[in-house]
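Descriptive structure summary
Next come the chains, spelled out residue by residue.
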Amino acid sequence: LGFLMKGLFISSVLFALLCASVVAAGASSKADIVELVQPELVKNLNTVRVGLKTDDEVVEREDEQMSHTGFSNKERRIIEETAEKFEFQAEVNRLMDIIINSLYSKKEIFLRELISNASDALDKIRFQSLTDTDALGEGDCSQLEIKISADKDAGTVTISDSGVGMSKDDLIQNLGTIAKSGTSKFLEEVAKGGDVNLIGQFGVGFYSVYLVADKVSVSSKNNHDEKRWIWESQADSTFTISEDPREDKQCRGTDITLHLKEDAQEFMEEGTIRDLIKRYSEFINFPIYLETTKEVEVEVEEDEETPAKVDGEESSEEEVTDETEEEQEKEKEKKTVKEERKELELVNNVKAIWTRSPSEISDEEYDNFFKALAKDSDAPLAKIHFSAEGEIEFRSILYIPSTAPAGLYDNQNSKMDNVKLYVRRVFITDEFEDLLPRYLSFLRGVVDSEDLPLNVSREMLQQSRILKVIRKKLVAKALEMLRKMAEAEESAKEAEEDEEEEEATEEEEEVEEVEEQEEEGEHGSNDYSSFFKEFGKSIKLGIIEDSKNRKKLAKLLRFFSSASASDNAEDMTSLAGYVSRMKDGQKHIYYICGNSMEEVKKSPMLEKLRQRDYEVLYLTEPIDEYAMQHLDEFEDHKVVDVSKEELKFGDEKEKREKKLLKSQQERLKPLTEFLKDELSESVEKVIISNRLTETPCVIVTSQYGWSANLEKLMKAQALADPSKFNFMVSKKVMEINPRHAIVDQLFKLVEAGDEESMSAAKRAAHVLYDSAAVGSGFEINEPSKYASRVNELLAMHMGLEAKPELLPEEALPELDEADEAEAREEEEDIFEVDNSGFEEEAGAHDEL
């Protein structure tokens, strides 16, 4: 065995020596060959690129090529090699889990949070520049702005700002841990099972990026740090920090790059980003630029191919003079091609003018702000700009549009989004129903509070004292604006009346006066009339709903009346104007409700009021009667519905009339008892009327029952329950006019008492009631019976019996051949019409 091992060892050594000699010989022969080749050829061979080999220049070019992340491959390798790995604080892990799963109801909120943070960073560097003039830097680095760009190829969105920036320690402290702030308290509340549907969440705003991104890169530089640092995380328990190797990124500021998830790709669209900026961050103090891609047409010269020269042939170009060359250059044809170019578009071009003093803002600026806020092309009718100071501070601008938006009164239960709530110029919400009462939902405007708590649920904020104070102030200012509009119009009317009373001495002066009045009218003397024409229902709704401000709202009401010169809105009267025109001894304000002006003007309820020359308000809108039921009096004058029983005038004449009515009641007692018995199913009682002068009788209701107008409105409700009508539809009261001839004749029939007279009296009583009900605005329960009674009266008036017999029925004629042929033609025509209609429907079906 030992001899065998020794032999193997000797064989191995010999084989190794043989291989070494072969290699040496090969190298020597290669060197000999190289020496025989020309030096230039060797140099050229060294530059040849072999297909399977990547030379140093290719590697260098690939390293310098930019990737979609904004870094070259070489820079990316440097970042990965030099990155330091850290772990998030435990609370941050909990926070990100809450944010991703339950905190925010809308993913789009991330952009608001990042822009808000960028604005805070810009505010900080601007504040530092007040004491340090070098803080802003020079050139492009000194610009205070926010830029947003999207890269669809990389699936990223980048938000850049030139704010104060962060150092390495700042990145670790601000993004990796939770300092002593409201965020820790927020986590404690969540751990206890508190409401996480917050409206602000600025303390946890940065982490909202994980709603849409699965990886986040933050590149930031601070003035006090010479290096720029990169913070990266993928929403796990760790993050990395490394030095930014890019030499061209040395300006102060922060770039946040979001690598969007698959379900968040819509946030790379320019239109989506633009809409979100306008919704949430339109009034940020600093300019926000969005990188957009636009196609532009560019003119380029067409290159004409030069023909190849033939050997031995002299070139024609040598004979061309310099002048000919210039002419050819001019004659070169040009064509336009489309190129895509990147441009920065300023998105937030509307400024938050509410932060400035009203004296510094022009009317044009106010109008432009309203148009941008309300997306309206018309200027507002009125505005009020104010600030509240004290325990709670906020600024606000409220506008009244010139026209009511479509559907304003169609659905009063829908959410109102006309007044937007801001905190430090950052949009929070427009869904607070308690910010303004429902009847002021037509207002447009903004409310910007510095003291509003953000880390609180919507339900808690709506019940908080702060919101109640803001609401109270907004309502007071809105009513003040309306009051000033109304007073300005009243003053203009009084001035116009005074001018009309003055006698002009010269005809030219009269012309000048007319011209001046027209100019004043153009300057807004009828603004309140225009407002009430568009939004009068809102004021009436306020009378119903806002008991605390009912007296203020009552002064803003406007109605047509019997004293109105026309049906134009300018001729409507206020309750104060009505009171100023009340007659001596008049104590009450009278009104009547109906479907139209013609109906109420001709109502028999107004006969005694017209006789006394008392003014009556005409209420023709469905909401009017509801509103007046909540307005018992105005300036110590009782408001009275003339369609209700026991109409009172309150003057000296009424006392004498009351004594006369009492004697008439005794005299006509047999008639009133007869009518009550005969009409017991329809009327509760029959009394002598103190309101009629020309009409034989009317039907009125009790003080607390539905009037004729309200009864029709309730029955017209689409989802009304007829079974409940009996609870509110009171028995009617029949009032008769003792001076009317029909009533006197009916009394005589009843007084006669014979069978024929009583039959006629009964028939007349029912017709009288039905006609009175129609004249008073009520619907007849049995129209067929009413028509039958009218036909009987008509027959008797014509000297016929109440129910005359019909004439003998005529015998039916026989049909001849011509009649049958005509009948067949009619049937064929009908069949052709039906068939053509069927063919048209079939053809339409085929087209579909």
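Reading guide: rules and limits
Residues numbered from 1 in each chain as written. Predicted model: local features only at pLDDT ≥ 70, side-chain atom pairs only at ≥ 80, totals over all residues. Heavy atoms only, no water. Patch = residues over 30% accessible without salt bridge, like charges linked within 9 Å, V, L, I, M, F, W, Y side chains within 5 Å. Areas by Shrake-Rupley, 256 points an atom, 1.4 Å probe, with all protein chains shown as cover. Salt bridge = Lys/Arg side-chain N within 4 Å of Asp/Glu carboxyl O. Helix = DSSP H or I, 4+ residues; strand = E, 2+ residues; numbered from the N terminus. Axes fitted to C-alpha atoms, helices over the stretch in contact; angles between N-to-C directions. Parallel < 35°, antiparallel > 145°, perpendicular 65-115°, else oblique. Left-handed = near helix turned anticlockwise from the far one by under 90°. Contact = heavy atoms within 4.5 Å. Nonpolar A, V, L, I, M, F, W, Y, C, P; charged D, E, K, R; others polar. 1 Å grid on protein atoms, 1.4 Å probe; cavity = no way out; pocket = protein on both sides within 12 Å on 5 of 7 lines; lining within 4 Å. Points joined across faces, edges and corners; volume = space filled by probe spheres on them. Buried < 20%, exposed > 50% of the residue type's maximum accessible area, 1.4 Å probe, protein only. Pairing = 2+ DSSP bridges.

A closer look at a nonpolar patch on the surface
- A cluster of nonpolar side chains, namely Leu794, Met798 and Leu800, defines an oily patch on the protein surface of about 320 Å² accessible area.
- By the element assignment, methionine 798 lies in the loop between α27 (783–797) and α28 (817–847).

A look at the packing of helix α20 (residues 622–629) against helix α23 (residues 708–715)
- Contact pair α20 / α23: the axes reach a minimum separation of 10 Å and the direction vectors enclose 120°. In terms of their interaxial angle, α20 and α23 are classed as oblique. Our pair here, α20 against α23, has a crossing hand that is left-handed. Of the residues in α23, those in contact with Pro622, Glu625, Tyr626 and Gln629 of α20 are Asn709, Leu710, Leu713 and Met714.
- For the contact of α20 with α23, the residue count by class is five nonpolar, two polar and one charged.

Structural notes on the packing of helix α26 (residues 755–775) against α27
- Two elements in contact, α26 and α27, have axes whose closest approach is 10 Å; the angle formed by their N-to-C orientations is 120°. When the axis of α26 is compared with that of α27, the two are oblique. The way α26 lies across α27 gives a crossing that is left-handed. Contact with α26, carried on its side by Arg763, His766, Val767, Asp770 and Ser771, involves Tyr786, Arg789, Glu792, Leu793 and Met796 of α27 and no other residues of that element.
- Among the residues making up the contact of α26 with α27, the classes are represented as four nonpolar, two polar and four charged.

Focus: empty space enclosed by the protein
- Tallied over the entire structure, the rule returns three cavities of 30 Å³ or more.
- The space that makes up the second largest cavity amounts to roughly 50 Å³.
- Lining the second largest cavity are Glu489, Lys493, Tyr528, Ser529, Phe532, Arg558, Ala569, Glu570 and Met572.
- For the lining of the second largest cavity, the elements supplying multiple residues, two or more each, are α13 (465–501) and α15 (527–545).
- Considering every element that reaches the lining of the second largest cavity, the biggest residue donor is α15, with three residues.
- Residues that form the lining of the second largest cavity fall into these classes: four nonpolar, one polar and four charged.

Structural notes on the pairing of strand β16 (residues 588–593)
- For β16, the tally of buried residues reaches six of six residues, placing the bulk of the element in the interior.
- With burial as the criterion, each face of β16 is covered, one bearing His588, Tyr590 and Ile592 and the other bearing Ile589, Tyr591 and Cys593.
- Two elements, β16 and strand β19 (residues 637–641), share four bridges in a ladder whose sense is parallel. If you follow tyrosine 590 over to β19, its bridge partner there is valine 640.
- Across four bridges, the pairing between β16 and strand β17 (residues 616–619) is parallel. Counterpart to cysteine 593 in the pairing with β17 is leucine 619.

Overview of the sheet that holds strand β13 (residues 426–429)
- If you walk across this open sheet you meet the five strands as β10-β11-β14-β12-β13, and the pairing is mixed. The open sheet has two edge strands with one neighbour each: β10 (382–388) and β13. Neighbouring strand axes in the sheet, compared pairwise and without regard to direction, differ in orientation by 20° on average.
- Inspection of the sheet shows strand β12 (residues 419–423) paired to β13 by three bridges, in the antiparallel sense.

Focus: the sheet that holds strand β20 (residues 683–688)
- Ordered by their spatial adjacency, three strands build an open sheet running β20-β22-β21, and the pairing between neighbours is mixed. The open sheet has two edge strands, β20 and β21 (697–700), and neither has a second partner. Within the sheet, the average angular offset between the axes of one strand and its neighbour, ignoring direction, is 25°.
- Relative to strand β22 (residues 732–736), β21 is paired through four bridges, and the arrangement is antiparallel.

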